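If you want the building blocks of each chain, they are given just below.
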Amino acid sequence: MKKLVAMVCMAGMLFSLAACGTKTEGAENETEQGNILIAYFTWADNTVVEDEEAAIQSALSHYESVGDTADYSGVDATSSASVLPPGNTAQIAEWIQQRVGGDLFSIVAAEPYPSDYDACMDRASDEKAENARPELAEHVDNMDDYDVVFLGFPNWWYTAPMAVFSFIEEYDFSGKTVIPFCAHGTGGIAAGVRDITEALPDSAEVLEPIGIYRGDMDTAQAEIDNWIDSLGIELPAAQNTEETEMEDSRKIRLVLDEGEMIVELYENSASDDLLERLPMTIGFEDYNGTEKISYLDSELDLSNAPGECTPQAGDLTYYAPWGNLAFFYQDFRNSPQLIPLGRIETGGEYLENLDSYTEVTIERCAD
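Quick caveat, the model's predicted, so the values are computed rather than measured.

Comments concerning the sheet that holds strand β16 (residues 358-364)
- Strand order in the closed barrel formed by 8 strands is β7-β8-β15-β12-β13-β10-β9-β16, with antiparallel pairing between adjacent strands. The mean inter-strand angle of the sheet, taken between neighbouring strand axes irrespective of direction, is 35 degrees.
- Bridge count for strand β12 (residues 315-319) against strand β15 (residues 338-346) is 5 bridges, and the pairing is antiparallel. Each bridged residue has a counterpart across the sheet, and for Thr317 the counterpart in β15 is Pro340.
- This element, helix α9 (residues 269-277), spans β7 (251-255), β8 (260-265), β9 (280-287), β12, β13 (324-328), β15 and β16 of the sheet and lies at about 60 degrees to β15.

Looking at the packing of helix α5 (residues 162-170) against helix α6 (residues 192-199)
- Across the interface, α5 lies against α6 with an axial gap of 10 Å and an inter-helix angle of 25 degrees. Relative to α6, α5 is oriented roughly parallel. In this structure, the crossing between α5 and α6 has a hand that is right-handed. In this structure, α5 uses Val164, Phe165 and Ile168 to contact α6, whose residues at the interface are Asp195, Ile196 and Ala199.
- Its residues assigned to classes, the contact of α5 with α6 shows 5 nonpolar, no polar and 1 charged.

Thoughts on the environment of Glu223
- The topology assignment puts Glu223 in helix α7 (residues 221-231).
- When the C-alpha atoms of Glu223 and Ile210 are compared, they prove to be 9.2 Å apart, with 13 residues separating the residues in sequence.
- Beyond its immediate sequence surroundings of up to four residues, Glu223 is in contact with Ile210, Gly211 and Ile212.

A look at the confidence of the model for the protein chain
- Residues at a pLDDT of 70 or more form 73% of the protein chain, whose mean pLDDT is 78.
- Predicted confidence for residues 71-81 stays below pLDDT 50, and this span has 32 contacts to residues more than four positions away or in other chains.
- Confidence over residues 237-248 falls short of pLDDT 50; this stretch has 26 contacts with residues more than four positions distant or in other chains.

Scoring rules and cut-offs
- Residues numbered from 1 in each chain as written.
- Predicted model: local features only at pLDDT ≥ 70, side-chain atom pairs only at ≥ 80, totals over all residues.
- Heavy atoms only, no water.
- Pairing = 2+ DSSP bridges.
- Helix = DSSP H or I, 4+ residues; strand = E, 2+ residues; numbered from the N terminus.
- Axes fitted to C-alpha atoms, helices over the stretch in contact; angles between N-to-C directions.
- Contact = heavy atoms within 4.5 Å.
- Parallel < 35°, antiparallel > 145°, perpendicular 65-115°, else oblique.
- Left-handed = near helix turned anticlockwise from the far one by under 90°.
- Nonpolar A, V, L, I, M, F, W, Y, C, P; charged D, E, K, R; others polar.
- pLDDT = per-residue confidence, 0-100.

Quick look at the structure:
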């Protein structure tokens, strides 16, 4: 029986910060990371942007026309217009993956949508009026393997994009747990969760959704973590939420002349590999005015690790193509093959002051 807990219904649009490289691939997931799928639709993966500035301005002009009073100046404007990768639903999906593990899948329509906001909304309106089911470009080959599906969408005309319903109707959701999430504007989630629930079989269980307002996206990760914790879902042993809480066994210490930094590592194969290599002493240097980097002797294990991230100040990451660790002291754009390893817990004030080629000892904290 469908179970819908707390329909906090709001509407609007979404989308987030530009990528340092290409967009998230929405193709079949070949990882073997448990039984959680995080599927999402984002405008950024469903359009081709020829004039970046015009696309962003078209979204911001619409926000102003509907009385959206959030501050979209500077970087926030680019983030919230979100015609650029990854898009707000993709950002939420990434944060969910960091919390619970699982596989990401981008729902992509075979025919791209316009990158102009009004033109995109006109097509979305026509598709809704026709109850259309747009053809999808990518498919999940192993849907039967997933018991829990987080399903993300923007609010287009007070419901989910019709491509989301194409996705739902392509697979058998009988007995699965579906957990909706939505990035929206001033209208909230609206009827999206209701319509998704009606499209699912009666044996699917729909848990409490979350809606994130586009103007709050930059600070939403903690809210998303709290929402996941409140769901009460039983995660696979390797992805259990309790195991991803900050524990001493996954903390590492960077010993500096001025003091020490404590970093909490995430649960993934790359972080595990780094832990096994400690202690080590390596040299860090500044790169691009945003990060401190250091090269490892050999590649980290990426067999069970996220394939991209949107780094924020304080994040420890691993850039696979170059084989280097990267501590970010400035927020940066989404980057494919940038693997999230962990986050600074204390001592972050020392990071930006590291001089070029500073030798740093890294060791595992005691359990």
